[in-house]
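# Fold and contact review
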Amino acid sequence: METQLSNGPTCNNTTNGPSNSNTEDSKTNLIVNYLPQNMTQEELKSLFGSIGEIESCKLVRDKITGQSLGYGFVNYVDPKDAEKAINTLNGLRLQTKTIKVSYARPSSASIRDANLYVSGLPKTMSQKELEQLFTQYGRIITSRILVDQVTGVSRGVGFIRFDKRVEAEEAIKGLNGQKPPGATEPITVKFANNPSQKTNQAILSQLYQSPNRRYPGPLHHQAQRLRFSPMTIDGMTSLAGINIPGHAGTGWCIFVYNLAPDADESILWQMFGPFGAVTNVKVIRDFNTNKCKGFGFVTMTNYDEAAMAIASLNGYRLGDRVLQVSFKTNKTHKA
DNA sequence: TTTTATT
């Protein structure tokens, strides 16, 4: 019985059970999870190559869309380097993500589709308690409880990934429809949807079948998933008759709010440049005093990079100020 | 009432 609970609150348990995976392969081959969306295989290779010589490296992508699936494999020549990579790179913060680095289990059919979706959980249940409930059925690889982004309170929904599919099946048999100790409502336990089942065909048909939609939000979101270029989106914008926030035609215009009175253009270049191609920056100043009026604009060429910059820099603390960063909207001056 | 963990 080698079940390991996670080491910490953020489900960073490494899958290096002493008895389970002691093949040669497992000592050099790593799986890297929770990678930022825009990270390329080259960047992955470069990051892990800084530890030692890499035998092979692969970023896993969606077969159809080419989108990164947020994880990859790094195989070192020397097992010592693999161990070093776990020790130094696991938990590393990259942009908005905290990456997880652990030994890859030997690939086999038995470990696929072992991910469970659990709903109806008591809102008070912690990740640890969730694991305690499931651990009797097998070795837990990851666990997660989804929380409300704003309040941080549990949504009563979570995921449990087991080492083996058969363990997941047993957990469904044993726990689906059951009440956890102390709970008033039964929980639902089933296999989680396979993310790759959500084909872009379905997304595309949504895009094209709604020529009258007026709501930029969701469409915008899907554009991100599909990695359309700004030009493609522009074409679709006219086709669908909608507005895409921040899209000026020459790039993606980003609104930066709460700059200090003495802010200048160089600070905007410095902040946004690392995220990708920046074509223009502008600090808005008072005509008389020549002091910054508290905001500015940045234009970036590529949607993905602009989105990443916004995700990373919104809420960023510059001096004693907390910046607000978003795509520029066409709102005049209400709300 | 679905996050991105098996090449």
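Computed from a predicted structure; not experimentally measured. Residue numbering note: each chain is counted from 1, following its sequence as written. Note on labels: chains are lettered from A, ligands numbered from 1, in written order. Reporting of local features is limited, given that this is a predicted model, to residues whose pLDDT is at least 70; pairs of side-chain atoms are given and counted only at 80 or more, and all residues count toward the totals for whole chains, interfaces and linings. In computing side-chain values, all of the structure's heavy atoms are included and hydrogens and water are not.

### Thoughts on the nonpolar core
Within the largest apolar cluster, 26 residues are counted, with the highest numbers of intra-cluster contacts made by Ile254, Val256, Leu268, Phe272, Val298, Met300 and Val325. Here a strand is any run of E in DSSP of at least two residues, a helix any run of H or I of at least four, and the numbering for each starts at the N terminus. Going through the elements one at a time, β11 (252–257), α9 (265–272), β12 (278–285), β13 (292–300), α10 (303–313) and β16 (324–327) are the ones with two or more residues in this core. Among the elements that take part in this core, α10 stands out by supplying seven residues, more than any other. Note on definitions: a residue-residue contact is assigned when non-hydrogen atoms from the two residues lie within 4.5 Å. Residue contacts for valine 325: discarding those within four places in its chain leaves Ile254, Phe255, Val256, Phe272, Ile310, Leu313 and Asn314. Residues belong to a common nonpolar core when they are buried Ala, Val, Leu, Ile, Met, Phe, Trp, Tyr or Cys residues joined through side-chain atoms within 4.5 Å. The buried label applies to any residue whose accessible area, calculated with a 1.4 Å probe on protein chains only, is under 20% of its type's maximum; exposed applies above 50%, and partly exposed to all values in between.

### Things to note about helix α2 (residues 41–49)
Within the sequence span of α2, burial applies to Leu44, Leu47 and Phe48. Viewed along the axis of α2, the buried residues span an arc of 90 degrees, placing them on a single side of the element. Residues Glu42 and Ser46 are exposed on α2 and point more than 90 degrees away from its buried face. The secondary structure elements touched by the buried residues of α2 are β1 (29–33), β2 (54–61), β3 (68–76), α3 (79–89), β4 (93–94) and β6 (100–103). The arc in question is the one traced by the directions running from the helix axis out to the C-beta atoms.

### A short note on unusual backbone geometry
The phi torsion at aspartate 113 lies on the positive side, around 55 degrees, for a residue other than glycine. Topologically, aspartate 113 is positioned in the loop between β6 and β7 (115–119).

### A look at the packing of aromatic side chains
Side-chain rings of Phe, Tyr and Trp, where Trp is taken by its six-membered ring, are said to pair if the distance between their centres is within 6.5 Å; with planes under 30 degrees apart they count as stacked, over 60 as edge-to-face, and otherwise as tilted. Per the counting criterion, the structure on display carries ten aromatic pairs. Judged by centre distance (6.2 Å) and plane angle (85 degrees), the rings of tyrosine 71 and phenylalanine 73 are edge-to-face. Residue classification places tyrosine 71 among the partly exposed residues on the basis of a relative accessible area of 27%. Chaining the aromatic ring pairs together yields one cluster made of Phe255, Tyr257, Phe295 and Phe297. Charges are assigned to positions over rings by a cutoff of 6 Å between ring centre and Lys NZ or Arg CZ, combined with an angular limit of 35 degrees from the ring normal. Stacked on the ring of phenylalanine 191, the Lys or Arg arginine 165 has its end atom at 4.3 Å from the ring centre.

### Remarks on the pattern of salt bridges
Take a side-chain nitrogen of Lys or Arg and a carboxyl oxygen of Asp or Glu: if they are within 4 Å of each other, that pair is a salt bridge. This structure, assessed with the given rule, holds six salt bridges. Across the salt bridge formed by arginine 105 and aspartate 163, the nearest N and O atoms sit 2.6 Å from each other. Within this pair, whereas arginine 105 is found in the loop between β6 and β7, its partner aspartate 163 is found in the loop between β9 (154–162) and α5 (165–175), the two being separated by 58 residues in sequence. As far as the burial class goes, arginine 105 and aspartate 163 line up, both buried. Across the salt bridge formed by arginine 165 and glutamate 169, the nearest N and O atoms sit 3.2 Å from each other. Placement of both arginine 165 and glutamate 169 in helix α5 is noted, with a separation of four residues, approximately one turn of the helix. The exposure class assigned to arginine 165 is partly exposed, which follows from its relative accessible area of 30%.

### Structural notes on the environment of isoleucine 187
On the secondary structure map, isoleucine 187 appears in the loop between α5 and β10 (188–191). Isoleucine 187 sits eleven residues away from asparagine 176 along the chain, and the two C-alpha atoms are 6.1 Å apart. When residues no more than four places from it in sequence are discounted, the contact partners of isoleucine 187 are Val118, Ser119, Gly120, Leu121, Leu133, Leu175, Asn176, Gly177, Gln178 and Pro180.

### With respect to the protein's contact with DNA strand B
The nearness test applies per residue and asks whether one of its heavy atoms lies within 4 Å of the molecule or strand. Inspection of the region around DNA strand B gives 29 residues, with Asn29, Lys100, Arg105, Asn115 and Arg161 positioned closest. The sugar-phosphate backbone supplies 42% of the atoms of DNA strand B found within 4 Å of the protein. Interatomic distance of 2.8 Å between a side-chain N/O atom of asparagine 33 and a sugar or linking oxygen of DNA strand B. Counting residues per element, the ones that place at least two in the surface near DNA strand B are β1, β3, β6, β7, β8 (140–147) and β9. In terms of residue class, the surface near DNA strand B is built from twelve nonpolar, nine polar and eight charged. Here a polar contact is taken to be a pair of N or O atoms separated by no more than 3.5 Å, where protein atoms must pair a possible hydrogen donor with a possible acceptor and residues adjacent in sequence count only if both atoms sit in side chains. Residues are sorted three ways: Asp, Glu, Lys and Arg are charged, Ala, Val, Leu, Ile, Met, Phe, Trp, Tyr, Cys and Pro are nonpolar, and all the rest, Gly among them, are polar.

### Describing the sheet that holds β16
Adjacent strands of a sheet pair through backbone hydrogen bonds, lying either parallel or antiparallel. At least two DSSP bridges between two strands are required for those strands to pair. Spatial strand order, β12-β13-β11-β16: four strands in an open sheet with antiparallel pairing. Strands at the two margins of the open sheet, each flanked by one partner only, are β12 and β16. Each strand axis lies, on average, 20 degrees off the axis of its neighbour in the sheet, ignoring direction. One ladder, built from six bridges, connects β11 with β13; its direction is antiparallel. Paired with phenylalanine 255 across the two strands is phenylalanine 297, which belongs to β13. The axes are straight lines fitted to the C-alpha atoms, using for helices just the contacting stretch, and the angles between their N-to-C directions are given from 0 to 180°. Against the sheet, α10 engages β11, β13 and β16, with an angle of about 155 degrees to β16.

Nothing here speaks to function; it is geometry throughout.
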